[in-house]
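# Breakdown of the fold
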Amino acid sequence: MLNIIGKRNVYFTISAIAVGVAIAAIALFGFKEAVDFSGGTLWQFRVNVEKPVVSDIKKIFQADFAHEEVAINYDSQNNVFLARLKEINEVDHQRFLQILNGKFKGFQELSFQSIGPSIGGELRKNAVIAMILALIGISLYIAYAFRKASRPISSWKYGVVTLLTLFHDVAIPAGLLAFLGYKLNVEIDGNFVVALLVVVGFSVHDTIVVFDRIRENLILHRDKKKFSEIINESVNQTLARSINTSFTLILVLVSLYFVGPINLHYFILTLIVGVTTGIYSSIFIASPGLLVIGGKSAKG
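Below you will find a few notes about this structure. (Residues numbered from 1 in each chain as written. Predicted model: local features only at pLDDT ≥ 70, side-chain atom pairs only at ≥ 80, totals over all residues. Heavy atoms only, no water.)

### Section: the environment of Ile-268
Among the secondary structure elements, Ile-268 is positioned in helix α9 (residues 265-294). Accessibility expressed as a relative area gives 5% for Ile-268, which makes it buried. The sequence separation of Ile-268 and Phe-179 amounts to 89 residues, and the corresponding C-alpha distance is 16 Å. Once residues lying within four places of it in the same chain are set aside, the contact partners of Ile-268 are Leu-253, Leu-256 and Tyr-257. (Helix = DSSP H or I, 4+ residues; strand = E, 2+ residues; numbered from the N terminus. Buried < 20%, exposed > 50% of the residue type's maximum accessible area, 1.4 Å probe, protein only. Contact = heavy atoms within 4.5 Å.)

Here it is as structure tokens:
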């Protein structure tokens, strides 16, 4: 049996360093916002050329369209280009279409999305609100759900520990995307917010499984064992299940990362990192955190 409670300070230190680095990355670099949040145009298309060159497509946008600030990504597997540029109106959109149709036979527009700065700002604000409400709502629900497990610690402390754990699981992948935005110009969009919400849902699921086993063992051994012993036993009882379930998901996500569409690469990467940190936190942070936040009543 792993002595997770006995080595909790080691696990807390690892998490504190990881979260500290993530927060520092967000504070120093910020996020490179995609069209969804900053406003602009996202244009996905395919050209019927055997070996298309990204630089050639970029030159067309810069020379013929007079858009110097344009980012072009190419998905070689599906022969799809993804262009990000400043907001353009429908008149320019049709004009650009005619130019591209003239330069490339078999040109095919797959999607065109143009968002104004004010709409992007509103989406950004709503995304932040959604994340905050999700974290608080889940924590309040857990505090309510564990109201009958109020000994040796109050049920609301389960909610507080869950909130801290979820912040841990969201902060680390967010910090990674901030760093990648600085180094590789990786942008965050609506998919990034969705990925974080998925991470929150998956992480809290694992945490609840462990907490529920603690609650069951409290009923069975409340007067026979110390709270620390019950926590350690409960974590070990659910350890194999948590790792096996999560590892299966990670295998699927890794496969999707390498064979999935290029515009979902960083969405999937966020899920991989978030799910991994969620496994770690539900085992090594959430449950030992109950002992720490419980104070003397939990250690007695």
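### Concerning the sheet that holds strand β2 (residues 71-75)
Spatial ordering of the open sheet is given by β2-β3-β1-β4, a layout of four strands whose pairing is antiparallel. The open sheet has two free edges, formed respectively by β2 and β4 (108-115), since each of these has just one partner strand. Strand-to-strand twist in this sheet, taken as the mean axis angle between neighbours without regard to direction, amounts to 10 degrees. Here β2 runs beside strand β3 (residues 80-85); their pairing, made up of five bridges, is antiparallel. By the bridge assignment, Ala-71 is partnered in β3 with Arg-84. Together, β1 (40-46), β2 and β3 form the strand contacts of helix α3 (residues 54-63), whose direction differs from that of β2 by roughly 145 degrees. (Pairing = 2+ DSSP bridges. Axes fitted to C-alpha atoms, helices over the stretch in contact; angles between N-to-C directions.)

### Here's the deal with the packing of aromatic side chains
Applying the stated criterion across every chain, the model contains 18 aromatic pairs. Relative to Phe-192, the ring of Phe-31 has its centre 5.8 Å away and its plane inclined at 50 degrees; by these criteria the two rings are tilted. Highlighted residues: Phe-31 in the loop between α1 (8-29) and α2 (35-38) and Phe-192 in helix α7 (residues 190-221), separated in sequence by 161 residues. You can call Phe-31 partly exposed: its relative accessible area is 31%. A relative accessible area of 7% means that Phe-192 is categorised as buried. Centre to centre, the rings of Phe-146 and Phe-211 are 5.9 Å apart; their planes meet at 90 degrees, and the pair counts as edge-to-face. Taken as a pair, Phe-146 in the loop between α5 (117-145) and α6 (156-184) and Phe-211 in helix α7 lie far apart in primary sequence, 65 residues in all. No difference in accessibility class separates Phe-146 from Phe-211, as the two residues are buried. Clustering of aromatic rings is evident, with ring pairs tying together Trp-43, Phe-45, Phe-61, Phe-65, Tyr-74, Phe-81, Phe-96, Phe-107 and Phe-112. (Phe/Tyr/Trp six-rings, centres within 6.5 Å; stacked < 30°, edge-to-face > 60°.)

### Quick word on the side chain of Ser-282
One can find Ser-282 in helix α9. A distance of 3.0 Å separates the side chain of Ser-282 from the backbone oxygen of Ile-279, its partner in a polar contact. Excluding residues within four positions of it along the chain, Ser-282 makes contact with Asp-206, Thr-207, Val-210 and Ser-287. (Polar contact = N/O pair within 3.5 Å; in protein donor to acceptor, adjacent residues only side chain to side chain.)

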